[in-house]
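Chain residues, written in single-letter form:
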Amino acid sequence: MKRAMISTVVAVMLLSACAYWGNDLLRWIEPETPSVSIGPTNDGRLLHGKRLPSAGPNYRTYSRLGSTLGRTAVNDRVRDTMLDSYMALEEITPEVRYVYGETGWPWGGRFRPHRTHQNGLSVDFMVPVTRNGTSTALPTTPFNKFGYALQFDQEGQSGDLRIDFEAMAAHLDALDVAAQQHGLRIALVVFAPDLQRRLYETELGTTLRHRLTFNVNPSWVRHDDHYHVDFELTGGVAE
């Protein structure tokens, strides 16, 4: 009985370690072959998709287990765009901790429950938030469907959490700049229309409203806990 208990504990520890570090280990052995996005975001696939790092100085994945399972892979240009934007944000918003959500499989294709995320060019970004005026990473646990079950009112409030629209605007601005350096453009930002007003009221909001395309009508799932970004390939990479 004692030996069986020890074996169970060891097995649980190994599984936990694999879930926590698995994505980073798999990133270490993935080939450097350039990614190829085929077809549209809602009916496409991805060749040589790249896993995103599980965490960095000012960002982390919504779920280390989800990342290990392969649910946060993108086209390599999207990966580089994201990492460059986070690097820029270390200087612009050093106190903010950003969280990215689901992106797609390393091979692309149908990605339930999402209707898009099929060609490596779609990313969900969880909204940056504050708690009692202090920036904090959005809580993502199995109890709130890793952040996807949180509900924010029309003022961006959910319990003691409040959406940091200034940090969100800074992130979109950094993404837009970085995308151009990697042969991409932001084709669409999907965010709850009733919350877009608060985003446009920020210092960068006015320019973002004219630079980027936002959804006009509500999507089939209210995007209040995250903003969905579709990138589009434009050609060469800026030197």
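Notes on the structure follow. (Residues numbered from 1 in each chain as written. Predicted model: local features only at pLDDT ≥ 70, side-chain atom pairs only at ≥ 80, totals over all residues. Heavy atoms only, no water.)

**Side note on the sheet that holds strand β7 (residues 98-100)**
The following threshold applies: Any two strands with at least two DSSP bridges between them are considered paired. Comment: elements are numbered from the N terminus, with helices defined as DSSP H or I runs of at least four residues and strands as E runs of at least two. In what follows, a contact means two residues having at least one pair of non-hydrogen atoms within 4.5 Å. Between N-to-C directions, angles cover 0 to 180 degrees, with each direction set by a line fitted to C-alpha atoms, over the stretch in contact for helices.
Spatial ordering of the open sheet is given by β4-β5-β7-β8-β14-β13, a layout of six strands whose pairing is mixed. In this open sheet, the two edge strands, each paired with only one partner strand, are β4 (55-56) and β13 (184-190). Here strand β8 (residues 122-126) runs beside strand β14 (residues 226-233); their pairing, made up of five bridges, is antiparallel. By the bridge assignment for β14, M126 is matched with H226. Strands β7, β8, β13 and β14 of the sheet are contacted by helix α4 (residues 165-181), whose axis makes an angle of about 150° with β13.

**Comments concerning the pattern of salt bridges**
Note the following rule: By convention in these notes, a salt bridge is any Lys or Arg side-chain nitrogen within 4 Å of a carboxyl oxygen on Asp or Glu. Only protein chains enter the area calculation, which uses a 1.4 Å probe; residues under 20% of their type maximum are buried, those over 50% are exposed, and those in between are partly exposed.
A complete count under the given rule lists eleven salt bridges for this structure. Note that R211 is salt-bridged to D173, the shortest N-O span being 2.9 Å. Here R211 is found in helix α6 (residues 205-211), whereas its partner D173 is found in helix α4, with 38 residues between them in sequence. Assessed through its relative accessible area of 37%, R211 is described here as partly exposed. Here R197 ties to E201 by a salt bridge, and the two come within 3.3 Å at their closest N and O atoms.

**Digging into the pairing of β8**
Extensive coverage of β8 is indicated by the burial of five of its five residues. Burial along β8 is two-sided: the residues S122, D124 and M126 and V123 and F125 are all buried. Where β7 lies against β8, two bridges are found, and the strand directions are antiparallel. Among the inter-strand pairings, V99 is bridged to a residue of β8, identified as M126.

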